[in-house]
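Coordinate analysis (summary)
Here's the letter readout for the chains.
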There are 2 protein chains.
Amino acid sequence: MTRPPPRQQASRNPPTQKQVAERAGVSQTIVSQVLNGQTDQARIHPETRARVLQAIRDLGYVPNAAARRLVGGRSSLVGVFTYEAVFPSSTRDFYAPFLEGIEEEAARSGLDLLLYTGGRGGRRLPRDLGARLSLTDGTLLLGRPSDQDRRELAALVHSGHPAVFIGRRTVPGADLTCVQADYASATAKLTRRFLARGHRELLYVGPPGPDESALDRERGFAQALDLARVERLEPGHLDHAWLRGALEGGITAFLLENDALMRRLLEVAREAGYTVPADFSAAVLGDAISGEAGDPTWSGLHVPRREMGRGAVQALRLLVAGEPAASTVFPCEIVVGATIGRGPAEAR
Amino acid sequence: MTRPPPRQQASRNPPTQKQVAERAGVSQTIVSQVLNGQTDQARIHPETRARVLQAIRDLGYVPNAAARRLVGGRSSLVGVFTYEAVFPSSTRDFYAPFLEGIEEEAARSGLDLLLYTGGRGGRRLPRDLGARLSLTDGTLLLGRPSDQDRRELAALVHSGHPAVFIGRRTVPGADLTCVQADYASATAKLTRRFLARGHRELLYVGPPGPDESALDRERGFAQALDLARVERLEPGHLDHAWLRGALEGGITAFLLENDALMRRLLEVAREAGYTVPADFSAAVLGDAISGEAGDPTWSGLHVPRREMGRGAVQALRLLVAGEPAASTVFPCEIVVGATIGRGPAEAR
DNA sequence: CTCCGTTGCTAATACGTATTGGCTTGGGAG
DNA sequence: CTCCCAAGCCAATACGTATTAGCAACGGAG
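Analysis parameters
- Residues numbered from 1 in each chain as written.
- Chains lettered and ligands numbered in written order.
- Predicted model: local features only at pLDDT ≥ 70, side-chain atom pairs only at ≥ 80, totals over all residues.
- Heavy atoms only, no water.
- Near = heavy atom within 4 Å.
- Polar contact = N/O pair within 3.5 Å; in protein donor to acceptor, adjacent residues only side chain to side chain.
- Nonpolar A, V, L, I, M, F, W, Y, C, P; charged D, E, K, R; others polar.
- Helix = DSSP H or I, 4+ residues; strand = E, 2+ residues; numbered from the N terminus.
- Buried < 20%, exposed > 50% of the residue type's maximum accessible area, 1.4 Å probe, protein only.
- Contact = heavy atoms within 4.5 Å.
- Pairing = 2+ DSSP bridges.
- Axes fitted to C-alpha atoms, helices over the stretch in contact; angles between N-to-C directions.
- pLDDT = per-residue confidence, 0-100.
- Phe/Tyr/Trp six-rings, centres within 6.5 Å; stacked < 30°, edge-to-face > 60°.
- Lys NZ or Arg CZ within 6 Å of the ring centre and 35° of its normal.
- Expected span 1.5 Å × (residues − 1).
- Arc of directions from axis to C-beta.
- Right-handed = clockwise from strand over helix to strand, strands pointing away.
- Salt bridge = Lys/Arg side-chain N within 4 Å of Asp/Glu carboxyl O.

1. What about the protein's contact with DNA strand C?
- In the vicinity of DNA strand C lie 25 residues, with A:S27, A:H45, A:T48, B:Q17 and B:Y61 positioned nearest.
- Considering the 4 Å shell around the protein, atoms of DNA strand C inside it are sugar or phosphate in 60% of instances.
- Measuring from a phosphate oxygen of DNA strand C, one finds a side-chain N or O atom of A:S27 at 2.7 Å.
- For DNA strand C, a phosphate oxygen lies 2.3 Å from a polar atom in the side chain of A:T48.
- Across the surface near DNA strand C, the residue classes break down as 11 nonpolar, 12 polar and two charged.

2. Description of the environment of A:H199
Residue and element names in this part refer to chain A.
- With respect to the secondary-structure elements, H199 resides in the loop between α8 (183-196) and β6 (202-206).
- By relative accessible area, which is 1% here, H199 ends up buried.
- Beyond its immediate sequence surroundings of up to four residues, H199 is in contact with F194, T252, A253, S281, G341, R342, G343 and P344.
- A polar atom in the side chain of H199 sits 3.2 Å from the side chain of S281.
- A distance of 2.9 Å separates the side chain of H199 from the backbone oxygen of G341, its partner in a polar contact.

3. Digging into the sheet that holds strand β3 (residues 138-142) of chain A
- Taken in spatial order, the 12 strands make up an open sheet running β11(A)-β5(A)-β4(A)-β3(A)-β1(A)-β2(A)-β2(B)-β1(B)-β3(B)-β4(B)-β5(B)-β11(B), and their pairing is mixed. Both outer strands of the open sheet, β11 (328-330) of chain A together with β11 (328-330) of chain B, are each paired with one neighbouring strand and no more. In this sheet, adjacent strand axes meet at a mean angle of 20° when their direction is disregarded.
- Sheet analysis places strand β5 (residues 177-181) of chain B next to β11(B), joined by three bridges and oriented parallel. Its bridge partner being in β11(B), B:Q180 is matched across the sheet by B:V329.

4. Notes on the confidence of the model for chain A
- Summary statistics for chain A give a mean pLDDT of 86 and a share of 86% for residues scoring 70 or more.
- Mean pLDDT values over the elements of chain A span from 79, in helix α6 (residues 129-133) of chain A, up to 97, in β11(A).

5. Regarding the packing of aromatic side chains
- This model, assessed by the stated rule, comprises 14 aromatic pairs over all chains.
- Aromatic side chains A:Y83 and A:F165 sit 6.3 Å apart centroid to centroid with 0° between the ring planes, which places their arrangement in the stacked category. In this pair, A:Y83 is assigned in the loop between β1 (77-82) and α5 (89-108) and A:F165 in strand β4 (residues 163-166), connecting sequence segments 82 residues apart.
- Pairing B:Y204 with B:F221 gives two aromatic rings, centres 5.4 Å apart and planes at 55°, and the pair type is tilted. Here B:F221 lies in helix α9 (residues 212-223) and B:Y204 lies in strand β6 (residues 202-206), a separation of 17 residues in the sequence. The same class applies to B:Y204 as to B:F221, namely buried.
- Above the face of the B:Y183 ring, B:R217 is positioned so that its terminal group lies 4.3 Å from the ring centre.

6. Topic: the pairing of β5(B)
Residues and elements named next belong to chain B.
- The buried fraction of β5 is high, at five of five residues.
- Note: strand β4 (residues 163-166) against β5, three bridges, orientation parallel. Across the sheet, the residue bridging to I166 is V179, located in β5.

7. Thoughts on helix α3 (residues 46-59) of chain A
Residue and element names in this part refer to chain A.
- Over its 14 residues, α3 extends 20 Å from the first C-alpha to the last, a length consistent with the 20 Å expected when each residue adds 1.5 Å.
- Within α3 the residues assigned to the buried category are T48, V52, A55, I56 and L59. One side of α3 carries all its buried residues, which in axial view fall inside an arc of 105°. Facing away from the buried surface of α3 by more than 90 degrees, the exposed residues are P46 and E47.
- For α3, the elements touching its buried residues are α1 (17-24) and α2 (28-36).
- Trailing α3 by a residue or two, G60 shows a phi angle of about 70°, which is positive.

8. Comments concerning the pairing of strand β7 (residues 229-232) of chain A
Residues and elements named next belong to chain A.
- As defined by bridge partners, β6 adjoins β7 across four bridges and the pair is classed as parallel. Looking at the pairing, G206 lines up with R232 of β7.
- Remark: the β6/helix α9 (residues 212-223)/β7 crossover connection has right-handed handedness.

9. Examining the protein's contact with DNA strand D
- Around DNA strand D sit 25 residues, and of these A:Q17, A:Y61, B:S27, B:H45 and B:T48 come closest.
- A:T29 has a polar side-chain atom sitting 3.2 Å from a base oxygen of DNA strand D.
- A distance of 3.1 Å is found between a phosphate oxygen of DNA strand D and a side-chain nitrogen or oxygen belonging to A:N36.
- At four residues, α2(A) tops the list of elements feeding residues into the surface near DNA strand D.
- In terms of residue class, the surface near DNA strand D is built from 11 nonpolar, 12 polar and two charged.

10. Things to note about the pattern of salt bridges
- Counted under the stated rule, the structure contains 30 salt bridges over all chains.
- A salt bridge links B:R69 to B:D137; the nearest nitrogen and oxygen atoms lie 3.0 Å apart. Separated by 68 residues along the polypeptide, B:R69 in helix α4 (residues 65-70) and B:D137 in the loop between α6 (129-133) and β3 (138-142) bring together distant segments of the chain.
- For B:R69, a relative accessible area of 17% corresponds to the buried category.
- A relative accessible area of 8% means that B:D137 is categorised as buried.
- B:E201 is the salt-bridge partner of B:R229, the closest N and O atoms lying 3.0 Å from each other. Taken together, the positions of B:R229 in strand β7 (residues 229-232) and B:E201 in the loop between α8 (183-196) and β6 put the pair 28 residues apart, joining distant regions of the chain.
- Among the charged side chains, a network of salt bridges with common partners joins A:E100, A:E104, A:E105, A:R306 and A:R310.

11. Remarks on the environment of B:A282
All names here are of chain B.
- Among the structural elements, A282 can be located in strand β9 (residues 281-287).
- Looking at A282, the relative accessible area reads 0%, which means it is buried.
- Linking A282 and L256, residues 26 residues apart in sequence, is a C-alpha distance of 7.3 Å.
- Once residues within four sequence positions are removed from consideration, A282 is found in contact with F194, F254, L256, M262, L265, S299, T339 and I340.

Below is the structure:
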């Protein structure tokens with residue numbers, strides 16, 4: 001009872017253009033031209049075209065993507081490489097919106113996604129990545145590349161492979177297209193909001209080893225202030241003594257670089273008996289993934305991650321088409337949450 | 001200052017085996033054999049091999065995956081096709097563990113993942129999927145295919161393309177390898193647990209249009225009982241009147257097919273003033289994605305989705321290697337939550 | 001009539017790799 | 001010495017597609 005499904009040819013291997021051509025009584029060239037069609041160089045008789053299309057249907061022909069790619073064609077494949085593991089739930093929440101945007105725009109453009117699975121431990125751009133890259137039309141990159149990674153990345157860009165980084169990243173000696181959030185002006189705006197609420201002594205707190213994004217935020221912070229106080233410390237160093245010291249030093253508002261620091265700050269504050277925003281104010285400069293049920297909404301920036309994902313695919317499509325794609329900047333919105341209160345200088 | 005990175009050849013295109021061969025003073029054949037090595041048919045002089053390897057390093061050669069694939073080689077690519085959208089947060093929670101398992105095992109096996117992005121609206125296996133499939137060594141499938149989808153799937157399997165479905169699915173006239181959860185025995189076990197707690201009148205409730213998994217669950221339910229009562233209804237029909245009717249009919253325990261039904265049942269019960277598990281007991285037969293903060297833990301089954309994802313990759317690797325891979329069954333654990341209480345017949 | 005341009009097609013080639021069937025060289029057995 | 005075998009290498013070919021060059025037929029302009 002397991003009769004073979006219809007229009008499945010006896011041949012074990014999928015049919016080729018050659019077989020289609022034989023059936024239609026034409027040459028393989030014509031089959032290719034019927035399929036791609038764009039070359040107005042040669043016009044095809046409508047009747048011939050019909051015969052070819054019929055043969056294609058009869059045989060259930062589908063083009064071989066590998067062969068097509070080999071002759072310099074597009075594979076409609078976009079590689080996605082992440083310098084950190086994507087799926088563990090810790091980072092998944094962060095990367096998911098990017099991936100949503102990427103998937104959405106890729107689907108719209110008829111592109112599939114090639115997810116590079118990291119080697120066991122390290123998340124390095126693998127040595128043989130070139131081989132795997134050769135299947136794709138271009139590559140999207142996320143995460144935090146090391147210096148070594150950046151050098152390899154520079155070589156990749158220099159080889160002409162279209163690549164777009166999501167987040168502002170620079171590599172030595174190459175012009176890497178990025179899709180970035182406008183952290184600088186958003187941070188400046190947020191800082192001015194603190195000023196408007198009467199805060200005068202603000203402290204910017206971030207982890208050590210700032211990357212480009214962090215520097216943008218610092219820049220925006222400094223732009224809005226006469227005196228910009230910045231502290232970079234391990235999250236572990238953010239303890240009772242540190243907080244007390246800061247408050248006694250006159251600080252009334254904290255700008256935290258990521259939500260881990262925010263969480264830490266609120267926890268220390270609670271244990272020490274401080275109330276937010278009565279005793280001090282705070283805001284996160286990354287995307288607040290608070291959402292812990294019951295948590296008050298944190299103030300901070302909303303990074304349009306989904307839109308950035310979509311923009312990255314669009315930029316990559318330009319590069320693939322041979323047009324130069326400049327880096328794009330996406331504005332961030334300010335999230336007015338429950339962690340910003342009145343400062344000592346607010347006009348009543 | 002933008003001097004080209006080292007070991008990047010002047011040639012705009014990546015180096016080929018031919019260029020490596022020229023540099024090493026050998027033929028392209030030798031380069032290929034040095035790289036693949038396995039053919040003991042021809043042994044290569046150690047010195048020659050060294051020269052070739054040196055040339056490969058000098059030029060920064062990487063194999064062209066498309067060409068390799070074209071000649072019948074493996075691409076180390078596994079396709080992942082889902083009949084529903086993956087990234088929307090509603091379904092993401094459900095699919096994420098599968099993808100985690102897939103990614104984990106793929107990484108371990110040195111495989112990358114090709115995510116097929118769905119066409120605009122429908123999530124059908126696209127007509128030209130064959131073209132996109134041709135790049136992969138095999139394909140993993142998830143979701144709920146329609147009858148039409150199943151026919152196309154049958155053709156795919158019949159064409160010899162390795163494919164593994166995650167979840168038990170049957171297709172007409174083809175032997176589809178599946179990685180399935182052992183719903184039948186887990187449901188039977190859960191049902192016996194209800195019996196042990198003194199429940200005698202159990203009702204199985206599922207949505208209309210049961211798929212293979214649902215039938216397995218029904219089967220397990222029926223196995224454990226003399227009289228198995230099954231009701232299939234739209235979630236909207238589960239209202240006060242329905243619940244009252246069931247309880248007045250003597251039902252003391254409900255087995256719900258999915259968490260949407262469970263949520264609905266608990267909501268209706270709360271509004272009607274019933275208490276769970278005092279007034280009746282309940283359990284979910286799918287994976288309970290309760291986790292709503294504050295919710296009591298639901299009783300039900302734990303589907304080992306992560307392990308199933310890994311198992312699917314392993315099965316696919318077998319198929320790709322040419323060995324037949326039988327369908328695999330993964331046992332489900334029973335989750336003892338807060339929604340099962342004492343029944344009228346429990347021995348004290 | 002010749003010349004030329006157009007239409008509609010074919011033959012040939014290139015892409016980069018893996019594999020098959022030789023071809024040479026050297027050495028041991030007879 | 002001849003014969004044979006093995007080691008070590010190369011030339012040729014195939015994979016399926018896109019593209020370029022070119023060929024035959026035809027019709028209109030001159």
